[in-house]
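Report on the structure
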Amino acid sequence: MQRIINKYTFLILLLVLASCGEKESTSLDSQTSDTHRNDDRIFVSTAQFENSKMTLGKLTQQPFPITVKTTGMIDVPPENRAVVNATMGGYIKSTPLLIGDKVRKGQVLVSIENPDFVKIQQEYLEVKEQLTYLRVEYERHQTMMDENITSQKSFLKAESSYKTINARYTGLRKQLQMLNISPSNVEAGTIVSVVNIYAPISGSITKVNVTRGTYVSPATAILEIIDNDHLHLELSVFEKDILKLQKGQKINFKIPESSNETFLADVHLIGTTIEDNRTIKVHGHINNEKEIHFLTGMFVEAGIVIDSASAKALPETAVANMDNENYVLILDETTNAGYYFTQVEVEIGQQLNQYIEIVTDSKFNDEITFLIKGAFNLVGESGGHEH
């Protein structure tokens with residue numbers, strides 16, 4: 001009987017010990033799982049680090065310019081821009097060009113028709129015939145005056161008539177030339193009702209304001225031509241910064257709507273009049289403008305360099321942007337299996353020569369190591385996952 005009791009007691013002890021072991025194991029597993037879940041670091045295996053050619057590095061001192069911030073646009077000089085008008089009103093007969101078409105100086109742009117063109121040519125021919133007669137009369141009276149055969153009154157009348165008709169003839173001839181009608185062709189009997197308007201400069205069509213059949217007056221802007229051979233920056237600088245500017249200073253500028261690339265220019269002219277909005281115009285010449293496809297009217301953000309200063313920076317490959325916030329990855333631990341990184345938000349400053357100024361560098365000491373190549377693909381990942 002005692003042996004049976006001992007057996008049952010032994011079995012009960014085994015069951016209790018087994019139950020405690022399972023609870024302890026479960027508790028340890030749970031703690032391990034919780035620790036794993038709560039690790040927000042980013043893990044990179046040694047193999048991935050090497051295969052992706054990732055690189056570690058530290059903050060370095062880099063020279064950054066001290067600039068006057070401004071905005072403006074890409075523009076052309078006034079002589080490189082032309083608005084085409086009609087000398088006299090009329091109806092558009094043909095307009096074969098479209099926006100973007102390139103034209104050369106002297107090329108036909110549009111044709112205009114107006115019956116008044118015919119009247120001017122008829123009047124020109126009539127005046128020319130009168131001029132021929134009155135010239136002969138004037139010369140005859142002059143000869144007679146020299147020989148005292150005619151009175152001075154008759155001579156002055158002939159002279160006045162001749163000079164009056166000569167002035168009309170000269171004015172009509174000039175008017176025909178302004179209409180691009182050849183006086184010689186009119187004198188030969190060729191009278192036209194349609195005239196052509198020619199390109200005053202070479203360039204590209206940027207505006208077309210008419211269609212076939214449209215009536216245009218001399219005040220109507222028919223189309224616009226811009227010659228992009230010489231582009232420049234037209235910047236507006238606030239009054240408080242005017243005394244910091246000098247001719248020849250460097251300009252760093254971007255086209256934010258088109259590219260993140262930084263372009264270079266130089267201050268060429270500084271305006272002498274303050275605008276109503278308390279700004280002054282600054283004219284900048286663009287470096288290597290022929291190599292870059294800028295367009296007139298592009299909005300620019302620029303910084304005019306007035307000095308330089310040293311600041312702590314990281315290579316641009318060390319900073320990743322996510323949801324308009326900037327982050328870096330700091331090395332937290334190195335193991336045989338790989339690397340653990342902590343993701344930290346930073347405020348950045350200027351960007352120059354493939355380096356980015358780290359404005360929040362005060363919380364980083366010189367011993368901190370960053371992932372300076374490969375951070376872009378890792379930012380946003382967390383939880384200790386192995387890659």
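Right above here is the structure, for reference.
We now turn to the structure provided with this report. (Residues numbered from 1 in each chain as written. Predicted model: local features only at pLDDT ≥ 70, side-chain atom pairs only at ≥ 80, totals over all residues. Heavy atoms only, no water.)

**With respect to helix α4 (residues 152-178)**
Definition in use: Secondary structure is summarised from DSSP: a helix means a run of H or I of at least four residues, a strand means a run of E of at least two, and numbering begins at the N terminus for each. Here the expected length of a helix is defined as 1.5 Å per residue gap, with one fewer gap than residues. Throughout this description, buried means an accessible area under 20% of the type-specific maximum (1.4 Å probe, protein chains only), exposed means over 50%, and partly exposed covers the range between. Contact between two residues is taken to exist if any of their heavy atoms lie within 4.5 Å; hydrogens are not considered.
A rise of 1.5 Å per residue sets the reference length of α4, with its 27 residues, at 39 Å; its end C-alpha atoms lie 39 Å apart and thus fit the reference within 8%. Along α4, the residues classified as buried are Phe155, Ala158, Glu159, Tyr162, Ile165, Tyr169, Leu172 and Leu176. On its buried face, α4 is in contact with α3 (115-146) and α5 (183-187).

**A look at the pattern of salt bridges**
Inclusion rule: Salt bridge, as used here, is a side-chain nitrogen of Lys or Arg placed within 4 Å of a carboxyl oxygen of Asp or Glu.
In total, this model carries 14 salt bridges according to the counting rule given. In this structure, the salt-bridge partner of Arg81 is Glu224, at a minimum N-O distance of 3.7 Å. Placement of Arg81 in strand β4 (residues 81-84) and of Glu224 in strand β11 (residues 223-226) is noted, with a sequence separation of 143 residues between them. Under the relative-accessibility criterion, Glu224 is labelled buried at 10%. Among the charged side chains, a salt-bridge network with shared partners connects Arg41, Asp332 and Glu333.

**Description of the sheet that holds strand β6 (residues 102-103)**
The line we're drawing: By this definition, two strands are paired if DSSP reports at least two bridges between them.
Strands sit in the order β4-β11-β9-β6 across an open sheet of 4 strands; the sheet is antiparallel. Only two strands of the sheet have a single neighbouring strand rather than two, namely β4 and β6.

**Remarks on the nonpolar core**
Basically, it comes down to this: Buried Ala, Val, Leu, Ile, Met, Phe, Trp, Tyr and Cys residues form a nonpolar core when they are joined through side-chain atoms within 4.5 Å.
By size, the foremost hydrophobic cluster in this structure holds 36 residues, and its most contacted members are Leu109, Ile112, Ile222, Leu223 and Ile225. Of all the elements in the fold, those that place two or more residues in this core are β4, β7 (108-113), α3, α4, β8 (194-198) and β11. Counting 24 residues, the second largest nonpolar core, distinct from the first, contains Ala265, Ile286, Phe294 and Met298.

**Details of the packing of α3 against α4**
Geometrically, a packed helix pair is captured by the angle between its two axes and the distance between the axes. Selection criterion: Interaxial angles span 0 to 180 degrees and are taken between N-to-C directions of axes, which are lines fitted to C-alpha atoms, for helices over the stretch in contact. Our angle categories are set so that under 35 degrees counts as roughly parallel, over 145 as roughly antiparallel, 65 to 115 as roughly perpendicular, and the remainder as oblique. Should the near helix be turned anticlockwise from the far one by less than a right angle, the crossing is termed left-handed; should it be turned clockwise, right-handed.
Taken N-terminus to C-terminus, the directions of α3 and α4 make an angle of 150°; their axes are 8 Å apart at the nearest point. The angle between α3 and α4 places the two elements in the roughly antiparallel class. When the axes of α3 and α4 are compared, the crossing they make is left-handed.

**Points about unusual backbone geometry**
Its identity as a non-glycine residue notwithstanding, Asp323 has a phi of 55°, on the positive side. Looking at the secondary structure, you find Asp323 in the loop between β17 (320-322) and β18 (325-334). With a phi close to 70°, Gln354 is a non-glycine residue in the positive phi region.

**Focus on the packing of aromatic side chains**
Where we set the bar: The rule is short: rings of Phe, Tyr and Trp, with Trp giving its six-membered ring, pair when the centres are within 6.5 Å, and they are stacked under 30 degrees, edge-to-face over 60, tilted in between. Criterion for a charge above a ring: Lys NZ or Arg CZ within 6 Å of the ring centre, and within 35 degrees of the ring normal.
On inspection of all chains with the given rule, the structure shows 11 aromatic pairs. Taken together, a centroid distance of 5.6 Å and an interplanar angle of 40° make the contact between Phe253 and Phe263 tilted. One end of the pair, Phe253, is in strand β13 (residues 250-254); the other, Phe263, is in strand β14 (residues 263-270), with 10 residues separating them in the sequence. Ring centres of Phe253 and Phe294 lie 5.8 Å apart, and the angle between their planes is 45°; on these two criteria the pair is classed as tilted. Of this pair, Phe253 sits in strand β13 while Phe294 sits in the loop between β15 (279-286) and β16 (299-315), placing them 41 residues apart in sequence. As far as burial versus exposure is concerned, Phe253 and Phe294 are alike and both buried. Positioned over the ring face of Tyr340 is Arg41, at 4.1 Å from the centre of the ring.

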